[in-house]
Amino acid sequence: MSGMDMLNAAEQRELQGRMERKQMKDFMNMYSNLVQRCFNDCVNDFTSKSLLTKEEGCVMRCVDKFLKSSERLGERFQEQNAQMAQQGGMGVGR
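Bear in mind that the values here come from a model prediction, so they are computed numbers and not experimental data.

Peer 1: Report on the overall build of the protein chain, specifying residues and quantitative values.
Peer 2: From N to C terminus, the protein chain includes two helices and zero strands. The buried share among the 94 residues of the protein chain stands at 9%. In the protein chain, 23% of the contacts between residues at least 6 apart in sequence involve partners at least 24 apart. Of the roughly 8,200 Å² that the protein chain leaves accessible, carbon and sulfur atoms contribute 56%.

The structure is reproduced here in structure tokens:
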């Protein structure tokens, strides 16, 4: 029996809502950090309301690098979880 099966319907809805809010908060934090990092690294000229071509290119590379590294990190996390699961249930009860 999994943990969710031990909860009644109202508790499951409450837990699901909390999980969704946490995921949204985490996503918004990640997005905010990405915007702040790329802006700080790439935008230097404030004499115009538009980005310079070099600034725009820098922002695009920054975002691309961040997304690729996040994707790779997620893949490695999944690989590690699979490896730990194969080695005995992720260490539960050890």
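Peer 1: Describe helix α2 (residues 53-86), with residues and values.
Peer 2: In this model, α2 (34 residues) spans 50 Å end to end at C-alpha, consistent with the 50 Å of a helix rising 1.5 Å per residue. Along α2, the positions that sit buried rather than exposed are Glu55, Cys62 and Phe66. Following α2 by one or two positions, Gly88 adopts a phi angle in the positive range, close to 125°.

About the criteria used
- Residues numbered from 1 in each chain as written.
- Predicted model: local features only at pLDDT ≥ 70, side-chain atom pairs only at ≥ 80, totals over all residues.
- Heavy atoms only, no water.
- Helix = DSSP H or I, 4+ residues; strand = E, 2+ residues; numbered from the N terminus.
- Buried < 20%, exposed > 50% of the residue type's maximum accessible area, 1.4 Å probe, protein only.
- Contact = heavy atoms within 4.5 Å.
- Areas by Shrake-Rupley, 256 points an atom, 1.4 Å probe, with all protein chains shown as cover.
- Expected span 1.5 Å × (residues − 1).

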